[in-house]
Amino acid sequence: CQSIVKRAAVERLKQHYRKDWFEETGPMHALRFSILKDRATISLDTSGAGLHKRGYRERSTLAPMKETLAAGMAILARLYHDSVLYDPFCGSGTILIEGAMLAKNIAPGLRRAFSAERWGCLDAEIWRLERAKCLEAIEKNDFRAVGSDLSPEAVELTRANAVKAGVKDCLWADVADIRDFAPMSPRGVVICNPPYGERLLDVRAAE
């Protein structure tokens, strides 16, 4: 299928530009295609890396949760900007960071690059202006995100990712056991992804 799609694109370009050979240089213009029953959908990939990759998590713990799934959990929890989000199994901090980004109205992907930025046919000023609008829309409020994990490496990773995501001022993480967990405020919500013996360990070890 890849070969057929590439050949079709090249043949169409030959007709349009009246050329027999195209150098594979310059910006990448990736084609994406999907086939569902008898329908093929072909599109240009403007994003590059998947949109669930926000740009702040270069490293993560084992079996990390996708950023979009963590964001969905935060949306369903209806976080208030003046509440506290707790994650006692914080891992690399994805739930805490996505919750903080939601509460502070930080645009997802604000700190990542997109393939279309390198195309040359789109004015770079458009990208700059849109990012400026997103920065202006960030809210300053009293939201706090508090995380803990048994692993010191995970806690350090959470702190580092919070810096990259731009939420370090409202996020705290420390090494702690779940048995010592207690909320610090009367108003808050706990969202977590505890070990349950599916992707890591086994059921007995998780118990």
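Because the structure is predicted, anything quoted here is derived from the model rather than measured. As a convention, each chain's residues are numbered from 1 in the sequence order in which they are written. In view of the model being predicted, local features appear only for residues whose pLDDT reaches at least 70, and side-chain atom pairs are presented and counted only at 80 or more, with totals across whole chains, interfaces and linings using the full set of residues. With hydrogens and water excluded, all non-hydrogen atoms of the structure serve as input to the side-chain values.

Asker: Can you help me understand the state of the cysteines in this one?
Answerer: Working definition of a disulfide: a covalent bond connecting the sulfur atoms of two cysteines. Any two cysteine sulfur atoms lying within 2.5 Å of each other are counted as a disulfide. Throughout the structure, instances matching the rule amount to zero disulfides. Here C90 is not disulfide-linked; the sulfur of C192 is the nearest cysteine sulfur, at 11 Å. Among the residues examined, C90 registers a relative accessible area of 5% and is labelled buried. With no disulfide partner, C170 has as its closest neighbouring cysteine sulfur the one in C90, 14 Å distant. Using a relative accessible area of 4% as the deciding quantity, one classes C170 as buried. Exposed residues in this analysis have more than 50% of their type's maximum accessible area, buried residues have under 20%, and partly exposed residues fall in between, with area computed by a 1.4 Å probe over protein chains only.

Asker: Looking at this model, I keep getting lost on the sheet that holds strand β4 (residues 144-149). Mind explaining?
Answerer: What links the strands of a sheet is backbone hydrogen bonding, and the strands pair in either a parallel or an antiparallel sense. Strand pairing follows a simple DSSP-based rule, namely that at least 2 bridges must link the two strands. Numbering goes from the N terminus for both helices and strands, where a helix is a DSSP run of H or I of at least four residues and a strand is a run of E of at least two. The four strands lie next to each other as β5-β4-β3-β6, forming an open sheet whose pairing is parallel. Because the sheet does not close on itself, it has two edges, and the strands there are β5 (171-175) and β6 (188-190). Neighbour-to-neighbour, the strand axes of the sheet open up by a mean angle of 15°, direction not taken into account. Pairing geometry for β4 and β5, over five bridges, is parallel. When the bridges of β5 are listed, G147 appears paired with A173. Contacting β3 (84-87), β4 and β5, helix α3 (residues 94-103) crosses the sheet at an angle of about 165° to β3. Axis angles are defined between N-to-C directions and span 0 to 180 degrees, where every axis is a line fitted to C-alpha atoms and, for a helix, only to the segment in contact. Should any heavy atoms of two residues lie within 4.5 Å, those residues are counted as being in contact.

Asker: What is the right way to look at the packing of helix α2 (residues 67-76) against α3 in this model?
Answerer: Helices that pack against each other are described as a pair by the angle of their axes relative to one another and the distance between those axes. At a minimum axis distance of 8 Å, the contact between α2 and α3 shows a crossing angle of 60°. With respect to α3, the axis of α2 lies oblique. Considering only the axes of α2 and α3, their crossing is right-handed. In this structure, α2 contributes E67, A70, A71, M73, A74 and I75 to the contact, and α3 contributes T94, I95, E98, G99 and L102. Across the contact of α2 with α3, the residue classes break down as seven nonpolar, two polar and two charged. Should an angle fall under 35 degrees it is taken as roughly parallel, and over 145 as roughly antiparallel, whereas 65 to 115 is taken as roughly perpendicular and any remaining angle as oblique. Crossing handedness follows the turn of the near helix against the far one: under a right angle anticlockwise gives a left-handed crossing, and clockwise gives a right-handed one. Nonpolar residues are Ala, Val, Leu, Ile, Met, Phe, Trp, Tyr, Cys and Pro. Charged residues are Asp, Glu, Lys and Arg, and all others, Gly as well, are polar.

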